[in-house]
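Architecture at a glance
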Amino acid sequence: MLPLHDDNPTTIRPVVTIGLILLCMIVYLYQAQLSDRESQAFLLSYGFLPLRLFVDFPGEEQFPLPSAATLFTSMFLHGGLLHLLGNMLVLWVFGNNVEDAMGHGRFLVFYLLCGAAASLFHGVSDTHSAIPMVGASGAISGVMGAYILLYPRARILCWAWILVLRLPAVVFLGLWFAMQVLSALGGGEGGVAWWAHVGGFLVGMALLLPFKRRTVALFRARSTEGLRTAAFGAGRRGLRPPPSGYSQRRPPIVTLKRPRTRFPESGRTPPRKGPWS
């Protein structure tokens, strides 16, 4: 299943999410103009090789970065255009709301930690692997793990084979995670770091509490505060958002009427004149 859109508004501009997407695209454009041999050397140099980290590697001095640094650089590399586009779409759907709940700086640190932890999960599952692991899917899995705790009832528009469905986030992400676990345990499709997906998702759930803002609650239907703040421009003018239940309807117009008086001597009502009645 591939997520296409969610019905979850945001209160801030997701500059970190946009920056991560642009950075991954720039790196891929650089990688695409390399020859096949140069591209392979580039992936070996900056992708994550478990063999380098967990086993004594005889050619370690030939690499430009230490093995620990590739835990972070590998998440900005991709093996193909479809791999890149799929990851960036998922990052955009879920990343903007998680960034909204954490703030820009905390979200960036959270994203990098989830990506590094996901690479470690993959490395522990096969410590002697000499195949470079690349891709942002481990870090994005952490974003998805945080999203399921923040907005489990938000609606996700997703594409599943020949169907387009709108599912609650807890259903969509729960099914996705179950598929990753089953694929990791059952030796699913080769060439996919299933344990990185599983590990990133679990780490994202664990890191949400220390990284989210204290005012952000868990298990919300969606970020309804974003609609209220955007409608009243509170984010741009520094004003507080209106209280919940605030109505924008105009109050009813009350027309004052001049009371009728009677002449004391006759008891008759004076004739109507002017706008008063």
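This structure is a prediction, so every number in the text was calculated from the model and none was measured.

**Thoughts on the nonpolar core**
Ranked by internal contacts, the top residues of the largest apolar core, which has 50 residues, are Phe94, Val98, Phe110, Tyr111 and Tyr147. When residues of this core are traced back to their parent elements, those giving at least two are helix 1 (15–32), helix 5 (81–102), helix 6 (104–125), helix 7 (137–150), strand 2 (155–160), helix 8 (169–186) and helix 9 (194–211). Ignoring sequence-local partners within four residues, the contact set of valine 98 consists of Phe107, Phe110, Val143, Ala146, Tyr147 and Leu150. By size, the runner-up hydrophobic cluster in this structure holds seven residues, among which are Leu71, Ala116, Ala118 and Ala193.

**A short note on helix 1**
The terminal C-alpha atoms of helix 1 lie 25 Å apart, and with 18 residues this matches the ideal 26 Å at 1.5 Å per residue to within 8%. For helix 1, the complete set of buried residues consists of Val16, Thr17, Leu20, Ile21, Cys24, Val27, Tyr28 and Gln31. All buried residues of helix 1 project into a common sector of 140° when viewed along the axis, lining one side. For helix 1, the exposed residues lying more than 90 degrees away from the buried face are Ile26 and Leu29. Against helix 2 (36–46), helix 5 and helix 6 lie the buried residues of helix 1.

**A word on the packing of helix 8 against helix 9**
Orientation of helix 8 relative to helix 9, taken along the N-to-C sense of each, is 135°, at an axis distance of 8 Å. Judged by the inter-axis angle, helix 8 sits oblique to helix 9. You can see that helix 8 and helix 9 cross each other, and the crossing is left-handed. Side by side, helix 8 and helix 9 meet where Leu173, Trp176, Phe177, Gln180, Val181, Ser183, Ala184 and Leu185 of the first sit next to Trp194, Trp195, His197, Val198, Phe201 and Leu202 of the second. Taken together, the residues of the contact of helix 8 with helix 9 break down into 11 nonpolar, three polar and no charged.

**Digging into the environment of alanine 130**
Inspection of the secondary structure assignment puts alanine 130 in the loop between helix 6 and helix 7. We classify alanine 130 as partly exposed; its relative accessible area is 45%. For the pair alanine 130 and arginine 52, spaced 78 residues apart in sequence, the C-alpha to C-alpha distance is 8.0 Å. The contacts of alanine 130, once residues within four sequence positions are left out, are Leu49 and Leu51.

**Some thoughts on the packing of helix 7 against helix 8**
One can describe the packing of helix 7 onto helix 8 by two numbers: an axis separation of 10 Å at closest approach and a directional angle of 140°. Regarding the angle of helix 7 to helix 8, the classification is oblique. Every pair of crossing elements has a handedness; the one defined by helix 7 and helix 8 is left-handed. On helix 8, the residues that touch Ser141, Met144, Tyr147 and Ile148 of helix 7 are Ala169, Val170, Leu173, Gly174 and Trp176. In terms of residue class, the contact of helix 7 with helix 8 is made up of seven nonpolar, two polar and no charged.

**Looking at the sheet that holds strand 2**
Pairing in this open sheet of three strands is antiparallel, and the strands run 1-2-3 from one edge to the other. Looking at which strands have only one partner, the edges of the open sheet turn out to be strand 1 (2–6) and strand 3 (163–168). Here the strands of the sheet are splayed against their neighbours by 30° on average, with no regard to which way each runs. Contacts from helix 8 reach strand 1, strand 2 and strand 3, with the element oriented near 110° to strand 3.

**Regarding the packing of aromatic side chains**
The description of an aromatic ring pair rests on the distance of the ring centres and on the angle between the ring planes. This structure, assessed with the given rule, holds nine aromatic pairs. Counting every residue linked through ring pairs, the aromatic cluster contains Phe94, Tyr147, Tyr151 and Phe172. Geometry around phenylalanine 63 places arginine 52 over its ring, the cationic atom sitting 3.9 Å from the centre.

**Some words on the pairing of strand 2**
Burial along strand 2 is one-sided: Ile156, Cys158 and Ala160 are buried, while Arg155, Leu157 and Trp159, pointing the other way, are not. Strand direction decides the pairing type here: strand 1 and strand 2, joined by four bridges, are antiparallel. Paired with histidine 5 across the two strands is leucine 157, which belongs to strand 2. When strand 2 meets strand 3, the two strands line up antiparallel, connected through six bridges. The partner of cysteine 158 across the bridge, within strand 3, is leucine 165.

Cut-offs applied
All residue numbers here refer to positions counted from 1 along the written sequence of the relevant chain. Restriction of local features to residues with pLDDT of at least 70 applies here, the model being predicted, together with a cutoff of 80 or more for giving and counting side-chain atom pairs; totals for whole chains, interfaces and linings are based on all residues. No hydrogens and no water enter the side-chain calculation; it runs on all heavy atoms of the structure. The definition of a nonpolar core used throughout is a set of buried Ala, Val, Leu, Ile, Met, Phe, Trp, Tyr and Cys residues joined through side-chain atoms within 4.5 Å. Only protein chains enter the accessibility calculation, which uses a 1.4 Å probe; a residue is then buried when its area is under 20% of its type maximum, exposed when over 50%, and partly exposed in between. Segments assigned H or I by DSSP are reported as helices when at least four residues long, segments assigned E as strands when at least two residues long, and all are numbered from the N terminus. Contacts are assigned to residue pairs with any non-hydrogen atoms lying within 4.5 Å of each other. A helix is expected to span 1.5 Å multiplied by its residue count minus one. As used here, the arc is the angular range of directions from the helix axis to the C-beta atoms. For every element, the axis is a line fit to its C-alpha atoms; helices are fit only across the contacting stretch, and the angle between N-to-C directions ranges from 0 to 180 degrees. Should an angle fall under 35 degrees it is taken as roughly parallel, and over 145 as roughly antiparallel, whereas 65 to 115 is taken as roughly perpendicular and any remaining angle as oblique. For a crossing to be left-handed, the near helix must be turned anticlockwise from the far one by less than a right angle; the clockwise case is right-handed. Residues are grouped as follows: nonpolar covers Ala, Val, Leu, Ile, Met, Phe, Trp, Tyr, Cys and Pro; charged covers Asp, Glu, Lys and Arg; every other residue, Gly included, is treated as polar. When DSSP locates at least two bridges between a pair of strands, those strands are taken to pair. Any Phe, Tyr or Trp ring, taking Trp's six-membered ring, that has another such ring centre within 6.5 Å forms a pair; planes under 30 degrees apart are called stacked, those over 60 apart edge-to-face, and the others tilted. Two limits define a charge over a ring: the Lys NZ or Arg CZ must be within 6 Å of the ring centre, and within 35 degrees of the ring normal.

Remember that the coordinates give geometry; whether it matters functionally is a separate question.
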